[in-house]
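# Residue-level structural notes
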Amino acid sequence: MEIYIILYLSLIFIGIYSDREILSIKNKIIINPYMLLFWFTCLLFLLASIRVDIGTDYHLYKDIYISKAEDRLELGWAYNLLSDFLRLLQVDYQFLIANNSLIFLSIIYYFIKI
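Within every chain, residues take consecutive numbers counted from 1 along the sequence as written. Per-residue local features of the predicted model are confined to residues with pLDDT of at least 70, and side-chain atom pairs are confined, for both listing and counting, to 80 or more; whole-chain, interface and lining totals are unaffected and use all residues. Values shown for side chains rest on all heavy atoms present in the structure; no hydrogens or waters enter the calculation.

Our focus in this paragraph is the packing of helix α4 (residues 58-67) against helix α7 (residues 93-113). Their axes nearest at 10 Å, the elements α4 and α7 cross at an angle of 110 degrees. In terms of orientation, α4 lies roughly perpendicular with respect to α7. Considering the relative orientation of α4 and α7, their crossing is right-handed. When α4 is examined against α7, the residues Tyr58, Tyr61, Lys62 and Tyr65 are found in contact with a partner set consisting of Tyr93, Gln94, Leu96 and Ile97. Think of each axis as a best-fit line through the C-alpha atoms, taken over the contacting stretch in the case of a helix, with angles from 0 to 180 degrees between the N-to-C directions. Note on conventions: DSSP H or I runs of at least 4 residues are helices, E runs of at least 2 residues are strands, and numbering of each starts at the N terminus. Angle categories are assigned with fixed cut-offs, so that under 35 degrees is roughly parallel, over 145 is roughly antiparallel, 65 to 115 is roughly perpendicular, and the rest are oblique. Handedness of a helix crossing follows the sense of rotation of the near helix relative to the far helix, less than a right angle counterclockwise being left-handed and clockwise being right-handed. Any two residues whose heavy atoms approach within 4.5 Å at even a single point are treated as in contact.

This part takes up the packing of aromatic side chains. For Phe, Tyr and Trp, where Trp contributes only its six-membered ring, two rings pair if their centres lie within 6.5 Å, and the inter-plane angle classes them as stacked under 30 degrees, edge-to-face over 60, or tilted in between. For the structure shown, the criterion picks out 6 aromatic pairs. Between tyrosine 58 and tyrosine 93, the ring centres sit 5.5 Å apart and the planes meet at 70 degrees, which makes this aromatic pair edge-to-face. Of the two residues, tyrosine 58 is situated in helix α4 and tyrosine 93 in helix α7; the sequence distance between them amounts to 35 residues. Buried residues are those whose accessible area, probed at 1.4 Å on protein chains only, stays under 20% of the maximum for their type, while exposed residues exceed 50% and partly exposed ones sit between those limits. Assessed through its relative accessible area of 5%, tyrosine 58 is described here as buried. Seen in terms of ring centroids, tyrosine 65 and tyrosine 93 are 5.7 Å apart; in terms of plane orientation they differ by 50 degrees. Their pairing is tilted. One end of the pair, tyrosine 65, is in helix α4; the other, tyrosine 93, is in helix α7, with 28 residues separating them in the sequence. In this structure an aromatic cluster arises from ring pairing among Phe38, Trp39 and Tyr109. Each ring is checked for a lysine NZ or an arginine CZ that lies within 6 Å of its centre and within 35 degrees of its normal; such an atom marks a charge sitting over the ring. Over the ring of tyrosine 65 we find arginine 87; its NZ or CZ atom is 5.2 Å from the centre of that ring.

Now the structure itself:
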């Protein structure tokens, strides 16, 4: 996931702080930097939420989600609440990954935008 975040941040900063000729023509903005930020955030969310069997700990966290062992492993109260709620709704583990990605990327998007 770190490589996605590094790629994301580098593309955003290149887009926002690049030469004005890329973002505007004759002082008329053709690419809004915040729209660029939004679309790169959507792209990263898509990449992060559809990953299946990727990463060294994918199966570990999937097994933790299925076995309901978050309390014993002390993974954090927010993770416990979210996984308990999603298990109550009987949704797949992939939905938990998508929600985690959405929450994390929303926070990054907010702090970059301000």
